[in-house]
Amino acid sequence: MDKKDIIAKIDNLHIDIKTQAGIIQAVRGVSLDFEAHKTIGLIGESGSGKSMMARTLLGLLPAGGAITSGHIYYNNTPIETYTQRQWRNLRGKEIAMIFQDPMHALNPLMTIGKQLSEAIVISQKVSWKLAKIQALDLLKKVGLEATPERYHSYPHQYSGGMRQRIAIAMALSCKPKLLICDEPTTALDVSTQAQIIELIIKLQKEYGMAILFISHDLSLVSQMADEIAIVYAGRIVEHATTKEIFLQPKHPYTWALLSAIVHFQPKNEVLYTIEGSPPLLINPPKGDLFSYRSEYALDIDFQENPPFFEVSPTHRVASWLQDPRAPSVTMPKLLQKQIQILRSQQEGNFHE
Amino acid sequence: MNNTIPLLSVQNVSLSFKQSRHHQVHALKNISFSIKQGEIFGLVGESGSGKSTMGRAIARLVTPQTGSIKLETRELLCKMTSKERLDSSRDIQMIFQDPMSALNPKWTVMQMLLEPLHIHQGKLPKQEKEDTVFTMMQQVGLDPAFANRYVHEFSGGQRQRISIARALMNRPKLLICDESIAALDLSIQAQIVNLLKSLREQFNLSMIFISHDLSMVHYISDRIGVIYKGDLLEIADADTIYYHPQHDYTKSLLHAIPKITLV
């Protein structure tokens, strides 16, 4: 492969949010590269800072939030110091976002067609007439009927899945280079979810944008992501290709997440759960924060933050277990079995 | 002979909502099924399929036009005296998707958990009532020291534990869980499901578990019913539905579950 087509880059980003209770260190040193045609899945529990990272990419930090160190590059220019006007040129046109709840993302008092066309008129500076043609075209692309009735109806007249399709159409109206999907299917039911995922994959092939896909569902992300980054307490703990995450997971937290996939659980046994809850990020203690919930914790985990260890060129892990001096540990039995099943399934596919 | 009477039997229940003078939505069409003592019955279907309406009809939050719903031998779909209504509401309890809107934000946990006791066991001395609350909090995995806190001070999983505790205060016979874990994180979902399973054993509780997540429903239920547009398409053992589905719609639901796909 020749030179990578890197669209955006997050480099050692730290975000603090001031609240009444104290300063929350929401993001604590995250680096990610976004490449055209590639999807990165961001996985983490609620409160792990994954949505905060996404919002920062759009300059949508909450009140009291600030970048304390690190940079965001877009086309090799740092964007975190942009003025509002510069942000406006970037937001929506170059970087677009799909939110969890489409009902909150759409204006209930405006027709679908008007909302879609408005985005096109403002960003591409075309006439309303032309925008309408483009908008109808977009509706067809996301799998809705492109009829005048559809164009002139309001968000409440659509079902949840259709609304999410409209939100996607809106995000795509300016042909963004980077699309951020913040749990786009969490509010939808399973069959609609499958359709929306299929649609996003299809549109990525057509437009070739980079996608950041945020979710807490590992099996869902496996369907579309090229790489997966596992986030815990504001840091990336493991980052690798989808295959490596599922077949050679290294971090105890990744093990825990993988073990929690219900599909592989024996029916008459107690479901696997991760004990405890994620730490508060106001004055977090030293060291690897997952060690407080992990049975694999070493002494050094409580004193010093682990650096990234490279397992392969595409696989990095922040865990002291990868240090040559660390004792060797094996992953839980159930997970080993699960990986074996996945391996054999894969070989089966390979032979076909 | 008592064993042969099902705990709940639903027979030919139909329900339609009037949309306008000429338009009706048939939410439930001639549905029949029964639940044994101590059984967990899963109801799956997509949104708008009528699965929640079924649960609400059993809890008598909506009234079906025809059919009969019997709890043991007691008919629920007829005119009841207020005493009978009180009894049936004690025996059937429901927990919902969003605990934040199901719980009272202005009450402490203690107040909320005491209320069911005031209604059904009003004569109990105060001290005894409070003791019951503390034991119940322990049983659902909440620290009794939190009894004087308010809902907003708890996390999502803990809130759902509070609403489970409130539903179980008067030892109901049937618990209806309407998408009770859909709004929670994956690992918290597992905690709540484990809790429900262990409570079933402790209280010999029967449950109706309503969800669109077939893999979770398969894990928790003994039998599963699949609802589509108000029709009950298929009822079978959880394993039969999950591994050998008969109906095309069940197959498509199973197909939609996100599976790990490695390219």
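Just so it is clear, the structure is predicted and the values come from calculations on it, not from any experiment.

## Some points on the overall build of chain B
Along its length, chain B carries 10 helices and 10 strands. Relative to the globule expectation of 18 Å for 263 residues, the C-alpha radius of gyration of chain B, 19 Å, shows essentially globular dimensions. Going through the 263 residues of chain B one by one, you find that 41% of them count as buried. Pairs at least 24 residues apart make up 66% of the contacts formed inside chain B by residues separated by at least 6 positions.

## Describing helix α1 (residues 51-58) of chain B
Taken across its 8 residues, α1(B) has 7 buried, putting it largely inside the fold. Just downstream of α1(B) lies B:Arg60, where phi reads positive at about 60 degrees.

## Considerations on the confidence of the model for chain B
Averaged over all residues, the pLDDT of chain B is 90; the fraction at 70 or higher stands at 98%. If you check the scores for this complex, the pTM reads 0.84 and the ipTM reads 0.76.

## Thoughts on the UniProt feature "domain: ABC transporter" (unreviewed entry) in chain A
Those residues carrying the UniProt feature "domain: ABC transporter" (unreviewed entry) are residues 8-258 of chain A in this numbering. The distance from the first to the last C-alpha atom of residues 8-258 of chain A is 29 Å, and the span holds 39% helix and 28% strand.

## A short note on helix α5 (residues 126-139) of chain B
Taking 1.5 Å of rise per residue, the 14 residues of α5(B) would be expected to cover 20 Å, and the 20 Å separating its terminal C-alpha atoms lies within 8% of that figure. Positive phi shows up at B:Gly141, right after α5(B), with a value of about 80 degrees.

## Some details on the domain arrangement of chain A
Taken domain by domain, chain A comprises domain 1 (1-94 + 178-187 + 209-352) and domain 2 (99-173). The interface of domain 1 of chain A with domain 2 of chain A comprises 8 residues on the first partner and 8 residues on the second.

## Brief notes about the pairing of strand β7 (residues 178-182) of chain A
All names here are of chain A. Buried residues dominate β7, accounting for 4 of its 5 residues. When strand β6 (residues 95-98) meets β7, the two strands line up parallel, connected through 4 bridges. In the sheet register, Ile98 faces β7, and the bridge partner there is Cys181. Pairing of β7 with strand β8 (residues 210-215), which is carried by 5 bridges, proceeds in the parallel orientation. Across the sheet, Asp182 pairs through a bridge with Ile214, a residue of β8. Traced from β7 through helix α8 (residues 190-207) to β8, the parallel crossover comes out right-handed.

Conventions and cut-offs
Residues numbered from 1 in each chain as written. Chains lettered and ligands numbered in written order. Predicted model: local features only at pLDDT ≥ 70, side-chain atom pairs only at ≥ 80, totals over all residues. Helix = DSSP H or I, 4+ residues; strand = E, 2+ residues; numbered from the N terminus. Rg over C-alpha atoms; globule rule 2.2 N^0.38 Å. Buried ≥ 20, exposed ≤ 12 C-beta atoms within 10 Å, placed from the backbone. Contact = placed C-beta atoms within 7 Å. pLDDT = per-residue confidence, 0-100. UniProt positions renumbered as here; feature names shortened; annotations may be inferred. Expected span 1.5 Å × (residues − 1). Domains from an automatic or database assignment. Pairing = 2+ DSSP bridges. Right-handed = clockwise from strand over helix to strand, strands pointing away.

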